[in-house]
Amino acid sequence: MLKLLKRYWTVICRPSVYFSLGFLTIGGFIGGVLFWGAFNTAMELTNTEKFCTGCHEMRENVFAELQSTIHYTNRSGVRAVCSDCHVPHDWTDKIARKMQASKEVWGKVFGTISTPEKFQEKRLELARHEWARFKANDSLECRNCHNYDSMDFTRQSVRAQTMHTTYLASKEKTCIDCHKGIAHRLPHIPPGETALDSPGQAVPRGDEGARVNPAKP
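A short tour of the structure in this document, coming up. Everything numeric here is computed off the predicted structure, so don't read it as measured data.

What counts as what
- Residues numbered from 1 in each chain as written.
- Predicted model: local features only at pLDDT ≥ 70, side-chain atom pairs only at ≥ 80, totals over all residues.
- Heavy atoms only, no water.
- Phe/Tyr/Trp six-rings, centres within 6.5 Å; stacked < 30°, edge-to-face > 60°.
- Helix = DSSP H or I, 4+ residues; strand = E, 2+ residues; numbered from the N terminus.
- Lys NZ or Arg CZ within 6 Å of the ring centre and 35° of its normal.
- Buried < 20%, exposed > 50% of the residue type's maximum accessible area, 1.4 Å probe, protein only.
- Polar contact = N/O pair within 3.5 Å; in protein donor to acceptor, adjacent residues only side chain to side chain.
- Contact = heavy atoms within 4.5 Å.
- Patch = residues over 30% accessible without salt bridge, like charges linked within 9 Å, V, L, I, M, F, W, Y side chains within 5 Å.
- Areas by Shrake-Rupley, 256 points an atom, 1.4 Å probe, with all protein chains shown as cover.
- Salt bridge = Lys/Arg side-chain N within 4 Å of Asp/Glu carboxyl O.
- Arc of directions from axis to C-beta.

## Observations concerning the packing of aromatic side chains
Ring pairs (aromatic) are described by centroid distance and by the angle formed between their planes. Scanning all chains against the criterion turns up six aromatic pairs. With 6.3 Å between their ring centres and 20° between their planes, F35 and F39 make a pair best called stacked. Highlighted residues: F35 and F39, both in helix α2 (residues 21-45), separated by four residues, approximately one helical turn. Ring-pair connections join several aromatic residues into one group, and the members of that group are F35, W36, F39 and W91. The aromatic ring of Y72 is capped on one face by R79, whose charged end is 3.6 Å from the ring centroid.

So, in structure tokens, the structure goes:
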């Protein structure tokens, strides 16, 4: 096998006997364009709502919750799909996120969240992983749609204006600090623990963790 690989490598490195340099250059360019087009097409396919909800773990749990929120149905008709909140738009950040997300296939392959009961058991752990990721990247995915410089503070509540102009403007806080549970229900937080970083959020108690959403600014 090793000899065969060496033989192929020698052929690849050897100057072409049959084709001109111009032909090889043009052929390489066309091949590169086709490869890049296929790569980006596949990349965008994995960003669709249909792809993200293709497995029942997502379709029957978090996607079902999303459908009852303002991010899914609202008066303006603007819908945020899974990738809008979980994949950055900038290419380099998108590739890094895709590489990171490949680890999430583990849950599908090994059935760690294959039933609603298993999902609820892992819900707090999964949520904390995602909260930490948002915190670390300054809620980059939120900024796919929301821009601080474009906010009309006159149309926000007094508390929202205060939180945004004080904590968000100074970068002391980021979106996820106040908006946990904005698209999915908050998990139950065990007594003595908290996942909240800012005031204004309602912590689910006991079985209420499956029903209570946080107060929004």
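## Section: the side chain of T174
Locating T174 in the fold gives a position in the loop between α10 (158-168) and α11 (175-178). Here T174 falls in the buried class, since its relative accessible area comes to 5%. A polar side-chain atom of T174 sits 2.8 Å from a polar atom in the side chain of S139. Each residue touching T174, except ones within four places of it in the same chain, is listed here: F134, K135, D138, S139, R143 and L168.

## What to know about the side chain of N144
The topology assignment puts N144 in the loop between α9 (116-136) and α10. At a separation of 3.0 Å, a polar atom in the side chain of N144 contacts the main-chain carbonyl oxygen of V87. If sequence neighbours within four positions are ignored, N144 has contacts with S83, D84, V87, P88 and H89.

## Some thoughts on a nonpolar patch on the surface
Taken together, M1, L2, L4, L5 and Y8 make up a surface patch of nonpolar side chains, about 580 Å² in accessible area. Within the fold, L4 resides in helix α1 (residues 2-13).

## Notes on helix α7 (residues 91-101)
All buried positions along α7 are accounted for by K94, I95 and R97. Relative to the axis of α7, the buried residues are bounded by an arc of 165° and lie together on one face. Turned more than 90 degrees away from the buried face of α7, the exposed residues are T92 and M99.

## Things to note about unusual backbone geometry
Phi at S139 is positive, roughly 50°, even though this residue is not glycine. By the secondary structure assignment, S139 is in the loop between α9 and α10. Here S139 falls in the buried class, since its relative accessible area comes to 0%. Even without being a glycine, K171 presents a positive backbone phi close to 65°. Along the chain, K171 turns up in the loop between α10 and α11. A residue is classified by how much of its surface remains accessible, and K171, at 63% relative accessible area, is exposed.

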